[in-house]
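This is what each chain is made of:
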Amino acid sequence: MSNTAELYPVPPGFAGPTTIGASEYEREYARSVQDPDGFWGDAAKRLDWFKPPTKIRNVSYDLADFRIRWFEDGELNASVNCLDRHLATRGDKTALIWEGDSPDTEALRISYRDLHARVCRLANALRNLGVGKGDRVTIYLPMIVEAAVAMLACARIGAVHCVVFGGFSPNSIADRVSDCGSKLIITADEGLRGGKRVALKANVDAALKLPGTNTVETVLVVRHTGGAVDMQMPRDRWYDAVVDGQPDTCEPERMNAEDPLFILYTSGSTGKPKGVLHTTGGYLLFASYTHEAVFDLRDEDVYWCTADVGWVTGHSYIVYGPLANAATSLIFEGVPNYPDVSRFWNVIDKHQVTIFYTAPTAIRALMREGEAAVKKTSRSSLRLLGSVGEPINPEAWRWYYEVVGDSRCPIVDTWWQTETGGILISPLPGAIATKPGSATLPFFGVQPALVDADGTVLEGAAAGNLVITDSWPGQMRSVYGDHQRFIDTYFKAYPGSYFTGDGCRRDEDGYYWITGRVDDVINVSGHRIGTAELESALVLHAKVAEAAVVGFPHDIKGQGIYAYVTLKSGEEYSEALRTELVAHVRREIGPTASPDHIQWAPGLPKTRSGKIMRRILRKIAENAPDQLGDTSTLADPSVVDSLVKERYIPN
Ligand code: WT7
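Residues numbered from 1 in each chain as written. Predicted model: local features only at pLDDT ≥ 70, side-chain atom pairs only at ≥ 80, totals over all residues.

- An unreviewed UniProt entry annotates the protein chain as Acetyl-coenzyme A synthetase of Luteimonas chenhongjianii.
- Looking at the Cofactor (unreviewed entry) heading of the UniProt record, one finds this comment for the protein chain: "Mg(2+)". (UniProt positions renumbered as here; feature names shortened; annotations may be inferred.)

Okay, here's the thing in structure tokens:
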């Protein structure tokens, strides 16, 4: 099973002077778990502290005495670590390269000095608008330089940013704004993706008409496309107007290591999205350390992560990790297939990208377009490739390695989550031989284990649920506003461990192979969507009585969304209604949540106590009607036959 035959050793000549090699990985990993205080105390020196921590780790997963605290008496500021401390030696180094949606738009190169000044100007403006330490600021921006500036300006004054992905709908914005009680929103007139305009300001306007959003006092609007927007005075202010004339220095707030840095909403298996809360010291340390080690970062690298800042990957590996490491980080506004399917590779050549980090769904989509679109570009600047967001199938891995990387560049398949703040399982490219489809081995200080359904720890080669048995500095600290939900969600299933929600296999070499979510979370193109959220969106429609949603294997997206919908009595099933329901879900949540299939379900398979048997619905959606298992406990077993008969069959 483990494909030990297919081992890709570290390419000869890959290592540079700072590359972590195999023996160093083994030695440091052992130290990190045997002496976490010593290890992380030393690691903390990579950050600049106003007051260096003397207490390193204070953690208990015991439910009666639960706490997760790292560096708790340390004081620092994240923006100082990402900017000020680089100015003396790297002020002129490019911090951000911006590549717009259209290749005809002139790219920008922003130096560390320039970025520092921009952040300070906005930070001063925010303070003038009454935003201070602990206040929440929602950021709803396209992939433009101001997105990074806004995050860092919040960090500078101790405001807690909450970035909402630009693809989310007004309802989703409103839910998040009201959950965290934002005082201010930073948005743009419009975004641009693949030549299409996204009405960001109009979405904010619509969101702020919804209940629960009246905490918002100010909306700052970046003029990006120049498209027309409604400005509602005095609430709405042009970003340029408030920032112009502000001093380009700004006294940073002294933050305790455990003060919140940001909230980022993510879907879980139940209820509304959770506000994942990350704090300052541990998060920044972990993002920067993993970024340097996993990507074998060198001063001359041009590093490009294609994620959006609306997801945690953008937070940790476009903004905080790279900038804390004084790297050059590329921000790309566009999409992989605009104006054509060579765009990624053209951008790599144009900016001489050395490290490229993307998602399996993009790799699979581009793989389908054929080699020629890749091969007509050079890509000779590349030296390292990364993958994140979902399991990468070995076929896509090999194509990425052979076609994109010309069999020269190691691939780091990085497993982690919004909750983990940074990468937990991944090869270090100079230390660990890779296997297509395996995230390989844990990062320093990370202790994975596999457990069966009863919580028994499985040893050696085994498959089970993935837990992490001890804390790491980048771990989330709470669900915003609902600490009990944090404990219940992650620490109750397997007492004494953090439960990831993922299934996983470990082979005889100790390599980890993540197999996907074992809870009711669907991973669509690397984006997490809870089935409960989709179901509540569907039943909001006036004609829907009941809905059950499951994931199914999808060639490009990894998983697709399959919805079973029962209409209220008297309502007619029709193709038009199907289209309407898809549009309804897009409106309620956002385009990433569009159902791929809606199957009309006269009845749903339920137990006698009324619980929907998703196992059965999943098998039908997977087109595996011969694997339904025992259906005799259903209240009405006959509903299954009709669902099987009417199922979608892939052609
Ligand atoms: C879930 C977390 C990590 C940042 C982007 C997604 C899946 C993530 C991998 C990988 C297999 C992966 C897991 C995880 N996942 N990376 N390399 N191999 N699965 O963050 O939205 O919080 O989703 O994504 O299922 O639990 P997220």
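Past the structure itself, the notes keep going.
1. Details of the domain arrangement of the protein chain
Next up, step 1: When its domains are assigned, the protein chain resolves into domain 1 (22–76 + 445–516), domain 2 (78–335) and domain 3 (525–646).
Next up, step 2: In this structure, domain 1 and domain 2 have C-alpha centres spaced 27 Å apart.
Next up, step 3: If you look at the interface, domain 1 gives 25 residues, while domain 2 gives 28 residues.
Next up, step 4: At the level of secondary structure, the elements contributing two or more residues to the side of domain 1 that touches domain 2 comprise β2 (67–70), β3 (75–76), β24 (478–479) and α15 (483–491). (Domains from an automatic or database assignment. Contact = placed C-beta atoms within 7 Å. Helix = DSSP H or I, 4+ residues; strand = E, 2+ residues; numbered from the N terminus.)

2. Points about the site of the ligand
Next up, step 1: As a matter of local geometry, the ligand sits amid 25 residues, with P391, Q417, T418, I514 and R528 nearest to it.
Next up, step 2: Taken together, the elements giving at least two residues each to the shell around the ligand come down to α10 (312–324), β19 (384–388), β20 (411–414), β25 (498–506) and β26 (512–517).
Next up, step 3: The residue makeup of the shell around the ligand, split by class, is eight nonpolar, twelve polar and five charged.
Next up, step 4: Here the shell around the ligand spans two domains, since at least three of its residues come from each of domain 1 (22–76 + 445–516) and domain 2 (78–335). (Near = placed C-beta within 6 Å. Nonpolar A, V, L, I, M, F, W, Y, C, P; charged D, E, K, R; others polar.)

3. So, the sheet that holds strand β22 (residues 457–458)
Next up, step 1: Reading across the sheet, the five strands line up as β22-β21-β23-β25-β26 and stay open at both edges, with antiparallel pairing between neighbours. Each having just a single partner strand, β22 and β26 make up the two edges of the open sheet. (Pairing = 2+ DSSP bridges.)

4. Describing the UniProt feature "binding site: Mg(2+)" (unreviewed entry) in the protein chain
Next up, step 1: Under the local residue numbering, the UniProt record ascribes the feature "binding site: Mg(2+)" (unreviewed entry) to V539, H541 and V544.
Next up, step 2: Here V539 lies in helix α16 (residues 531–539).
Next up, step 3: For V539, a count of 14 C-beta atoms within 10 Å corresponds to the partly exposed category.
Next up, step 4: What V539 contacts, discounting residues up to four positions off in sequence, is V544, E546 and A547.
Next up, step 5: Counting through the fold element by element, V544 comes out in strand β29 (residues 544–554).
Next up, step 6: Those residues in contact with V544, other than ones at most four positions away along the chain, are L538, V539, V565 and L567. (Buried ≥ 20, exposed ≤ 12 C-beta atoms within 10 Å, placed from the backbone.)

5. Thoughts on helix α7 (residues 200–207)
Note on helix geometry: an α-helix contains 3.6 residues per turn, so any two residues three or four positions apart are oriented the same way.
Next up, step 1: Residues of α7 that are buried: L200, K201, N203, V204 and A207. Angularly, the buried residues of α7 cover 160° about the axis, an arc narrow enough to put them on a single face. (Arc of directions from axis to C-beta.)

6. A short note on the confidence of the model for the protein chain
Next up, step 1: Put simply, the protein chain has an average pLDDT of 96, and 99% of its residues get 70 or more.
Next up, step 2: What the predictor reports for the complex is a pTM of 0.95 with an ipTM of 0.99. (pLDDT = per-residue confidence, 0-100.)

7. Overview of the sheet that holds strand β5 (residues 108–111)
Next up, step 1: Taken in spatial order, the seven strands line up as β5-β4-β17-β16-β18-β19-β20 in an open sheet, and their pairing is mixed. Edge strands, defined here as strands with exactly one partner in the open sheet, are β5 and β20. In this sheet, adjacent strand axes meet at a mean angle of 20° when their direction is disregarded.
Next up, step 2: Looking at chain direction, strand β4 (residues 94–99) and β5 are connected through four bridges and run antiparallel. Within β5, the position partnered with L96 by the bridge is I110.
Next up, step 3: Seen against the sheet, helix α4 (residues 112–128) touches β4 and β5 and runs at an angle of roughly 80° to β5. (Axes fitted to C-alpha atoms, helices over the stretch in contact; angles between N-to-C directions.)

8. Quick word on the nonpolar core
Next up, step 1: If you look at the biggest cluster of nonpolar residues, it comprises 164 residues, and the most contacted ones within it are I139, A150, M151, A153 and C162.
Next up, step 2: Residue contributions to this core peak at eleven residues, all from helix α5 (residues 145–157).
Next up, step 3: Domain assignment of the residues forming this core places at least three in each of domain 1 (22–76 + 445–516) and domain 2 (78–335).
Next up, step 4: Those residues in contact with A150 that sit more than four places away from it in its chain are L122, I139, L141 and I186. (Core = buried A, V, L, I, M, F, W, Y, C linked by C-beta atoms within 7 Å.)

9. Digging into the UniProt feature "binding site: ATP" (unreviewed entry) in the protein chain
Next up, step 1: UniProt tags G389, E390, P391, D413, T414, W415, W416, Q417, T418, D502, R517 and R528 as "binding site: ATP" (unreviewed entry).
Next up, step 2: With respect to the helices, strands and loops of the structure, P391 is situated in the loop between β19 and α14 (394–404).
Next up, step 3: Once you skip the residues sitting within four places of it in the chain, P391 turns out to touch G437, I514, T515 and G516.
Next up, step 4: Within the secondary structure, D502 sits in strand β25.

10. Topic: the packing of helix α3 (residues 78–90) against α5
Next up, step 1: Here α3 crosses α5 at 115°, and the two axes come no closer than 7 Å. Every pair of crossing elements has a handedness; the one defined by α3 and α5 is left-handed. Listed contacts from α5 to A78, S79, C82 and L83 of α3 are L152, A155 and R156.
Next up, step 2: A class-by-class count of the residues in the contact of α3 with α5 yields five nonpolar, one polar and one charged. (Left-handed = near helix turned anticlockwise from the far one by under 90°.)

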